[in-house]
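Descriptive analysis of the structure
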Amino acid sequence: MIFHELYSAYYTAVANILSALIDGNTDEKALNSLVCEHAFGESLLTVLPALKSEKWQLMHGDFSTPICHKPTMPLTTLQKRWLKAISLDPRVRLFGIDFGDLSDVEPLFTAEDVRVYDRYADGDPFEDETYIAHFRTILQAMRSGQDLRVEMTNRRGKTMYVRCVPERLEYSEKDDKFRLVTSGCHFVRSVNLARITKCRLYNGEYVIASRPVETQYDTLVLRVSEERNTLERCLMHFAHFEKRAERVDGEYHLTIRYDRDDAPEMVIRVLQFGPTVEVLGPDRFKNLIIDKLKSQKSCGLL
Amino acid sequence: MSAYNELIKNFEKIRAYMRDFYVYGFKSRTEYDKKSARLYDDERRRMESWLGDHMQFVRTPEGKTMFLSIDSRLSEHNPLYKAWKAKSFTDRDITLHFILLDILHDSNEALSLGEILSRMDAYFDGFAAPMSVDESTVRKKLKEYITEGVVVSEKQGRQTLYRRAQEMVLPEDTEALHFASEICPCGVIGSFLLDKYPSHVDRVRFKHHYITSALDSDVLCALFEAMRQKCVVTVKNASRREEEPRENRIVPLRVFISTQNGRQHLLAYQPDFNAIKSFRIDYLSDVTLLEPTPRFDELRAELDRMQAHMWGVTAKHRLHKDEHLETVSFTVKIADNEEHIVNRLEREKRCGTVEKLDEHAYRFTAQVYDINEMIPWIRTFICRITELHFSNHTLETQFKRDIETMYKLYGIGEVSE
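Attention here is on the structure that accompanies the text. Values in this document were obtained by computation on a predicted structure and should not be read as measured data. (Residues numbered from 1 in each chain as written. Chains lettered and ligands numbered in written order. Predicted model: local features only at pLDDT ≥ 70, side-chain atom pairs only at ≥ 80, totals over all residues.)

1. Description of the environment of S190 of chain A
Residue and element names in this part refer to chain A. Short version of the rule: Segments assigned H or I by DSSP are reported as helices when at least four residues long, segments assigned E as strands when at least two residues long, and all are numbered from the N terminus. The exposure label follows from counting other C-beta atoms within 10 Å of a residue's C-beta, where the C-beta atoms are placed from the backbone and the thresholds are 20 or more for buried and 12 or fewer for exposed, leaving partly exposed in between. Note on contacts: residues are paired as contacts if their backbone-placed C-beta atoms lie within 7 Å.
Turning to its location among the elements, S190 is positioned in strand β5 (residues 190–192). Note on S190: 15 C-beta atoms within 10 Å, which makes it partly exposed. Along the chain, S190 and E170 lie 20 residues apart, while their C-alpha atoms are 9.3 Å from each other. What S190 contacts, discounting residues up to four positions off in sequence, is R179, L180, V181 and T182.

2. Let's talk about helix α2 (residues 28–38) of chain A
Residue and element names in this part refer to chain A. For the record, the criterion: Directions drawn from the helix axis to the C-beta atoms are what define this arc.
Buried within α2 are the following residues: L31, L34, V35 and H38. All buried residues of α2 fall inside an arc of 100° around its axis, so they share one side. Exposed residues on α2 whose side chains face more than 90 degrees from its buried face are K29 and A30. Elements in contact with the buried residues of α2: α1 (9–22) and α3 (47–52).

3. Digging into the nonpolar core
Test applied: Throughout this description, the term nonpolar core refers to a group of buried Ala, Val, Leu, Ile, Met, Phe, Trp, Tyr and Cys residues whose C-beta atoms join them within 7 Å.
The biggest cluster of nonpolar side chains holds 180 residues, and the ones touching the most others in it are A13, V14, I138, L235 and L254 of chain A together with L223 of chain B. Top contributing element to this core by residue count: α1 of chain A, with 9 residues. The contacts of V14 of chain A, once residues within four sequence positions are left out, are V47 and L58 of chain A together with I94 and F98 of chain B.

4. Some details on the sheet that holds strand β15 (residues 385–390) of chain B
The strands that make up a sheet pair up through hydrogen bonds in the backbone, lying either parallel or antiparallel. Residues and elements named next belong to chain B. Stated precisely, the cut-off is as follows: When DSSP finds two or more bridges between a pair of strands, those strands are recorded as paired. Here, axes are lines fitted to C-alpha atoms. For helices the fit covers the stretch in contact, and angles between N-to-C directions go from 0 to 180 degrees.
Ordered by their spatial adjacency, 4 strands build an open sheet running β13-β14-β12-β15, and the pairing between neighbours is antiparallel. Each of the sheet's edge strands pairs with one partner strand only, and the pair in question is β13 (353–358) and β15. This sheet shows a mean twist of 15° between the axes of neighbouring strands, independent of strand direction. The pairing of strand β12 (residues 326–333) with strand β14 (residues 361–368) spans 8 bridges and is classified as antiparallel. Looking across to β14, one finds that E326 is bridged to V368.

Pasting the structure below:
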């Protein structure tokens, strides 16, 4: 059962408080900061007061504890079964992590129990040895704060050489691809891992500064109809963005903040709703839709 | 009337509220008031406490509207997981938890219930009003912990001995756990594991990342368990058309996950209709496992076969009736520098086929159970569709009429070729 107090934020906060008390740290401010770190916004009103008032008999008035060992808890069966399930996933195996002996553990689910039906078919080769080696070199570089030297094939099929600061990896579930987000190289901001042909740590003396490029955002306003259940479908579809939905004079307006670089993708995402979703603004986005429709009209389909 | 508590006993109520706040976000307080204004206030306050940074509001003529706004590309962790860490408990539960695991600190030492009880007394020394804990309470707690796998029991003669389950050392690096906790089913369990680390740096972020399914984790977990045991289940299924959820008896066969619309469906055999049907997992609750069914493998094999004609989640309507398939074909024009469109067709074709007609024209064809599911995708090729044929003529007419409506909507008149 997932909804169990064993996994509760309060238990985690109290475990940390008891560890601090065992270490002799009885500063109330420090204990409260553990509550803030591990529990919720209003937990300050509950956790330490419950311990101090002896409702939870784990701490005496002098901030000593009858608990002798720093609290730990063995993994639950559910946690082990989930670990077993994810340890079979080739994307997780990329990280080269040993999850311990799970040989006698039944996985919570297997690949047979799940079908991701609309993922693109040209995902990264997660089980290819060269790809795995590149992935782990990138991880190592990020962990140790080293730069990378990357040889890659660009979209036009040309070989490029890049030295960069690896900022983070980004995974898209739809594309089933990893991208390396970089800085320090003015002509490459991100690299598709599958396009990398060589990748190694840079151990030279010349230091390039980590200057992550700030994402430029645009805002899109849509009028969403209730027809054909569009409202729910549309709100779900754009749920992963920072967004705001409003009811204005009996109709629904959806405001979405998106990465400006993703405008072409956003255009086709809006188009898929057909006439039940209309772009209200900005005009430059609306014009992209109009251009598509004009081209369609010239195709002579109707 | 009980006082407000940040923690909750029942997840179902908050599941519905969080979904409404996150997905819809336009409902005002008065629309939630139908059941209880106080209930709304309590649930809103809880969400503010758990997810304060992500709660926003706007003032509208209908009143103040609270909503959750989360750009999952910027969030390191799925913030909705916090709700799963808010289970309420009694004072005795939390006290016993830490004392029992302290007594059973050494996994090599097995203790009887009597030994545990006698050691427990010392823990309450020094408290003004020591908590009274009887044998039955401790036995029940131990039994619960055995079920969860935290404690194991063994027989020594007629006596039952209890000891801590063997510890497993978690990997030092958290990246794999973090990654899996965001993209694998029931990822909240990974989040529970990450809570065991003092702190961690995550170097992976996510694009196109739907996080709403976090709210369905318990249901999903029960469905996986049913599939592992090849069981029949009863499940409550809410419907937009009916006030009360309906109880269905089904055989769960597979979970279908979309990376493009944020939904998860269960494909399950429903004996009442002798059909494999899809159920929205966010509409399901109260999964109860019943007896195993000897038909599980046969039914799953049938689903495997059907997948060759499933664009989305619609399967064949009746198992023993003739296959009714609908045919779709459309042709797109490709300019000289538009190889990426051909790549798109190839990578997105699913159960369809792509055929090159000439240097500048490609045709997509598929036979599916339900053309309706394909229409949004076909619309993404608007600007280059030169031919289109559906065996379902009503849908073909509607598709073309929709394009005409879009022309009008955006004020597009006659365009010369």
